[in-house]
Amino acid sequence: MIKHVVMWKLKDIAEGKTKAENAEVMKELLEDLPRKIDQLDTAEVGINIIKDDSDAICDVVLTTTCENEEALQAYAVHPDHKKVVQFIMKVTEERRVVDYKV
């Protein structure tokens, strides 16, 4: 199994919404992907609850699981995933990723 973890810092205002509003939109979009993409087993999204301006803190985290690296790659290029990525790129200012075998 492969775990794919992504963390983002969001812009204060983007696409006419606040950081908190965009975090909720991201959560809804990302958690809906497993029903659209067969290769994606799970998707869990967490929204940061600590109110701090520290550079170390991210606003949103995504943890997904896929059966193997091929499934992860298929998820990455899937059209439904790419649509979500287009939105995320508009509302975020920073992104970090880790992929690892479980």
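Bear in mind that the values here come from a model prediction, so they are computed numbers and not experimental data.

Criteria and cut-off values
Residues numbered from 1 in each chain as written. Predicted model: local features only at pLDDT ≥ 70, side-chain atom pairs only at ≥ 80, totals over all residues. Heavy atoms only, no water. Helix = DSSP H or I, 4+ residues; strand = E, 2+ residues; numbered from the N terminus. Rg over C-alpha atoms; globule rule 2.2 N^0.38 Å. Buried < 20%, exposed > 50% of the residue type's maximum accessible area, 1.4 Å probe, protein only. Pairing = 2+ DSSP bridges. Axes fitted to C-alpha atoms, helices over the stretch in contact; angles between N-to-C directions. Contact = heavy atoms within 4.5 Å. Lys, Arg positive; Asp, Glu negative; His and termini not counted. Salt bridge = Lys/Arg side-chain N within 4 Å of Asp/Glu carboxyl O. Polar contact = N/O pair within 3.5 Å; in protein donor to acceptor, adjacent residues only side chain to side chain. Expected span 1.5 Å × (residues − 1). Arc of directions from axis to C-beta. Parallel < 35°, antiparallel > 145°, perpendicular 65-115°, else oblique. Left-handed = near helix turned anticlockwise from the far one by under 90°. Nonpolar A, V, L, I, M, F, W, Y, C, P; charged D, E, K, R; others polar.

Enquirer: Lay out the overall build of the chain with the relevant residues and their values.
Expert: Scanning the chain from terminus to terminus reveals 4 helices and 6 strands. Going residue by residue from the N terminus, the α and β elements of the chain occur as β-β-β-α-α-β-β-α-α-β. For the chain, the C-alpha radius of gyration of 13 Å lies close to 13 Å, the compact-globule estimate for 102 residues. Dimensions of the chain, computed from the C-alpha atoms along their principal axes, are close to 35 × 25 × 15 Å. Within the chain, buried positions represent 34% of all 102 residues.

Enquirer: Explain the pairing of strand S5 (residues 60–66) to me, and be specific about the residues and the numbers.
Expert: S5 sits mainly inside the fold: 5 of its 7 residues count as buried. Relative to S5, strand S1 (residues 2–10) runs antiparallel, the two sharing 7 bridges. Looking across to S5, one finds that His4 is bridged to Thr64.

Enquirer: Before we move on, can you summarise the sheet that holds S5 with the specific residues and values?
Expert: If you trace the 4 strands from one edge of the open sheet to the other, you get S4-S5-S1-S6, paired in antiparallel fashion. In the strand order of this sheet, the two ends are held by strand S4 (40–47) and strand S6 (92–101), each with one partner. Sheet twist, expressed as the average angle between the axes of neighbouring strands with direction ignored, equals 15°. Most of the contacts of helix H1 (residues 19–31) go to S4, to which it runs at about 165°, and overall it touches S1, S4, S5 and S6.

Enquirer: Give a description of the side chain of Lys9 that names residues and reports values.
Expert: Summarising the element assignment, Lys9 is placed in strand S1. No salt bridge is formed by the buried Lys9; the nearest opposite charge belongs to Asp55, separated by 4.8 Å. For Lys9, the side chain forms a polar contact with the main-chain oxygen of Ser54, separated by 3.3 Å. Here Lys9 is in contact with Ser54, Asp55, Ala56, Ile57, Cys58, Asp59, Thr92, Glu93 and Glu94, once residues within four sequence places are set aside.

Enquirer: Would you mind going over H1 in detail, with residue names and values included?
Expert: Taking 1.5 Å of rise per residue, 13 residues should cover 18 Å, and H1 covers 18 Å from first to last C-alpha, within 8% of that figure. Buried within H1 we find Asn22, Ala23, Met26 and Leu30. Along the axis of H1, the buried positions cluster into a sector of 105°, meaning they face one direction only. Facing away from the buried side of H1 by over 90 degrees, the exposed positions are Ala20 and Glu28.

Enquirer: For the packing of H1 against helix H4 (residues 79–91), give the residues involved together with the corresponding values.
Expert: Contact geometry for H1 and H4: axes closest at 11 Å, N-to-C directions at 165°. Viewed along their axes, H1 and H4 adopt a mutual orientation that is roughly antiparallel. Relative to H4, H1 is oriented so that their crossing is left-handed. Here Asn22, Val25, Met26, Leu29 and Leu30 of H1 come into contact with H4, specifically with Val84, Phe87, Ile88 and Val91. Taken together, the residues that form the contact of H1 with H4 break down as 8 nonpolar, 1 polar and no charged.

Such coordinate-based values are descriptive only and should not be taken to indicate function.
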